[in-house]
Amino acid sequence: MKIMKNINYRMVIRRVFVFLPFYLFTFLPLSAQPSWTKNASKSVFTLKTFAADGSLIASSNGFFTGSNGEAISNFTPFKGAARAVIIDASGKEMTVSAMIGANDMYDVAKFRVAGKTRPLAVAQGIAQSGESVWLLPYLETKNLSNGVVRKAETFQQDYAYYTIAMQAAEKHISSPLLNANGEVIGLLQPAASGADSLCYAISARYADSLKVTGLSINDPTLKLTQIKIARSEERRVGKECRS
């Protein structure tokens, strides 16, 4: 009788281990992939910058914010660069034709590539604490990392620097962070360490607000790159008025 009880006990334990994963998979809620993922991924690219001798300086990420080649990324790869290209989600290479603006302190840059582009929508408001966000890396359409806004620190009144409860790899720096509506709230920035459970993002709206002015030609930040500065609207208008 004792032997039979031991056998029955083993059978029960075996069945528990066999069927437990099935029940967990069946009844635990799954995190659904946002509906905008596939379309939004078409606006994300990888950026490569080169020195005058053709050697690679750096690789990074970025995304389009306009349909006429306007794009944003981090500024660090552009330092000392004589040439830059982006490779979009379809594998098409496009040359960075001009710098529109940059901020070294916040490590952001806006530039233009030669060609028509598909932009992401930039969120016009500041994401609130507790709001869910998703990281959208280059060529990634499955298993997006999901996090929550822990803190939004306002700067220049209208923009925010975000602390996000989410781990993110360094290779994803400058990838977009999107809200539930598929709007970009920020660009991913480096974490304090690879094991940090928090990551950080600078306002995408701030980066997209950068623009060329008549004083841009003397901008000390833009002088750190050899890529030409875009022609400002006010310089163009002034030239037309004199002609």
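If you're wondering where the values come from, they're calculated on a predicted model, not measured in any experiment. The numbers attached to residues start from 1 for each chain and follow its sequence in the written order. Where local features are concerned, this predicted model is filtered to residues with pLDDT of at least 70; where side-chain atom pairs are given and counted, the filter is 80 or more; whole-chain, interface and lining totals use all residues. Computation of side-chain values: all heavy atoms of the structure, hydrogens and water removed.

*Asks:* Got a sec to walk through the overall build of the chain? Specific residues and values, please.
*Replies:* The way it works is that DSSP assigns letters per residue, a run of H or I at least four long becomes a helix, a run of E at least two long becomes a strand, and they are numbered from the N terminus. Per the secondary structure count, the chain includes four helices and twelve strands. Sorting the 243 residues of the chain into buried and exposed places 43% on the buried side. Here the analysis covers contacts within the chain between residues at least 6 apart in sequence; of these, 61% occur between residues at least 24 apart. Per-residue and other accessible areas follow the Shrake-Rupley method at a 1.4 Å probe size, with only the shown protein chains counted as cover for residues. A total accessible area of about 13,700 Å² is found for the chain, and carbon and sulfur atoms account for 54% of it. Relative accessible area decides the class of each residue, using a 1.4 Å probe on protein chains only: under 20% of the type maximum gives buried, over 50% gives exposed, and in between gives partly exposed. We call two residues contacting when some pair of their heavy atoms lies within 4.5 Å.

*Asks:* Break down the sheet that holds strand β12 (residues 198-203) for me, with residues and values.
*Replies:* Paired strands, in this sense, are two strands between which DSSP finds at least two bridges. Read once around its circumference, the closed barrel built from six strands follows the order β7-β8-β9-β12-β11-β10, with strand pairing classed as antiparallel. Each neighbouring strand pair of the sheet contributes to a mean axis angle of 40°, computed without reference to strand direction. Pairing of strand β8 (residues 145-155) with strand β9 (residues 159-165), which is carried by seven bridges, proceeds in the antiparallel orientation. Within β9, the position partnered with Phe155 by the bridge is Tyr159. Only the contacting stretch of a helix is used when fitting its axis, a line to C-alpha atoms as for every element, and angles between N-to-C directions run 0 to 180 degrees.

*Asks:* Provide a residue-level description of the environment of Asn74, including the pertinent values.
*Replies:* Tracing the backbone shows Asn74 in the loop between β3 (70-73) and β4 (83-87). We classify Asn74 as buried; its relative accessible area is 7%. Separated by twelve residues in the primary sequence, Asn74 and Gly62 place their C-alpha atoms 7.6 Å from one another. Residues contacting Asn74, with those up to four places away along its chain left out, are Ser60, Asn61, Asp107, Val108, Ala109, Ile173, Ser174 and Leu187. Throughout this description, a polar contact denotes any pair of N or O atoms lying within 3.5 Å of each other; where both atoms belong to protein, one of them has to be capable of donating a hydrogen while the other can accept it, and for residues adjacent in sequence the pair is counted only when both atoms sit in side chains. A distance of 3.1 Å separates the side chain of Asn74 from the side chain of Ser73, its partner in a polar contact.

*Asks:* Can you explain the pairing of β9? Please cite residues and give values.
*Replies:* A large share of β9 lies buried, amounting to five of its seven residues. Two successive antiparallel strands, β8 and β9, enclose a turn made up of three residues, where Gln156 displays a positive phi of approximately 50°. The pairing of β9 with β12 spans five bridges and is classified as antiparallel. From the neighbouring strand, Thr163 faces β12, where its bridge partner is Tyr200.

*Asks:* How would you summarise the pattern of salt bridges if you had to cite specific residues and measurements?
*Replies:* By salt bridge we mean one thing: a side-chain nitrogen of Lys or Arg within 4 Å of a carboxyl oxygen of Asp or Glu. This model, assessed by the stated rule, comprises two salt bridges. Measuring nitrogen to oxygen at the nearest pair gives 3.2 Å for the salt bridge that ties Asp208 to Lys110. With Asp208 in helix α3 (residues 204-209) and Lys110 in strand β6 (residues 108-113), the pair connects residues that are 98 residues apart, well separated along the chain.

*Asks:* Which residues make up the sheet that holds strand β5 (residues 93-103), and what values do they have?
*Replies:* Two strands in a sheet stick together by hydrogen bonds in their backbones, pointing the same way (parallel) or opposite ways (antiparallel). The strand order β1-β2-β3-β6-β5-β4 describes a closed barrel built from six strands, whose pairing is antiparallel. Each strand axis lies, on average, 40° off the axis of its neighbour in the sheet, ignoring direction.

*Asks:* Can you break down the packing of aromatic side chains residue by residue, with the values?
*Replies:* Between the rings of Phe, Tyr and Trp (Trp by its six-membered ring), a pair exists once the centres lie within 6.5 Å; its type follows the angle of the planes, with under 30 degrees stacked, over 60 edge-to-face, and the other angles tilted. On inspection of all chains with the given rule, the structure shows eleven aromatic pairs. With a centroid separation of 5.4 Å and an interplanar angle of 75°, the aromatic rings of Tyr106 and Tyr206 are classed as edge-to-face. Of this pair, Tyr106 sits in the loop between β5 and β6 while Tyr206 sits in helix α3; the two residues are 100 residues apart in sequence, bridging distant segments of the chain. Accessibility classification places Tyr106 together with Tyr206 in one group, the buried group. Measuring from centroid to centroid gives 5.9 Å for Phe155 and Tyr159, while their planes differ by 40°, and the two rings are tilted. Given a relative accessible area of 9%, Phe155 falls into the buried group. Linked through ring pairs, Phe45, Phe64, Phe75, Phe78 and Phe111 together constitute an aromatic cluster. Two limits define a charge over a ring: the Lys NZ or Arg CZ must be within 6 Å of the ring centre, and within 35 degrees of the ring normal. Arg83 extends its terminal NZ or CZ atom over the ring of Phe50, reaching a point 4.5 Å from the ring centre.

*Asks:* Explain the side chain of Ser175 to me, and be specific about the residues and the numbers.
*Replies:* Relative to the elements of secondary structure, Ser175 occurs in the loop between β9 and β10 (176-178). By relative accessible area, which is 0% here, Ser175 ends up buried. A distance of 2.8 Å separates a polar side-chain atom of Ser175 from the backbone oxygen of His172. With residues near it in sequence (within four places) discarded, Ser175 still touches Asn61, Leu135, Leu136, Pro137, Tyr138, Gly186, Leu187 and Leu188.

*Asks:* Please provide a residue-by-residue account of unusual backbone geometry, values included.
*Replies:* One non-glycine residue with positive phi stands out, namely Leu139, at about 60°. For Leu139, the location among the structural elements is in the loop between β7 (132-135) and β8. In this structure, Gln156 takes a positive phi of about 50° despite not being glycine. As for its position among the elements, Gln156 is in the loop between β8 and β9.

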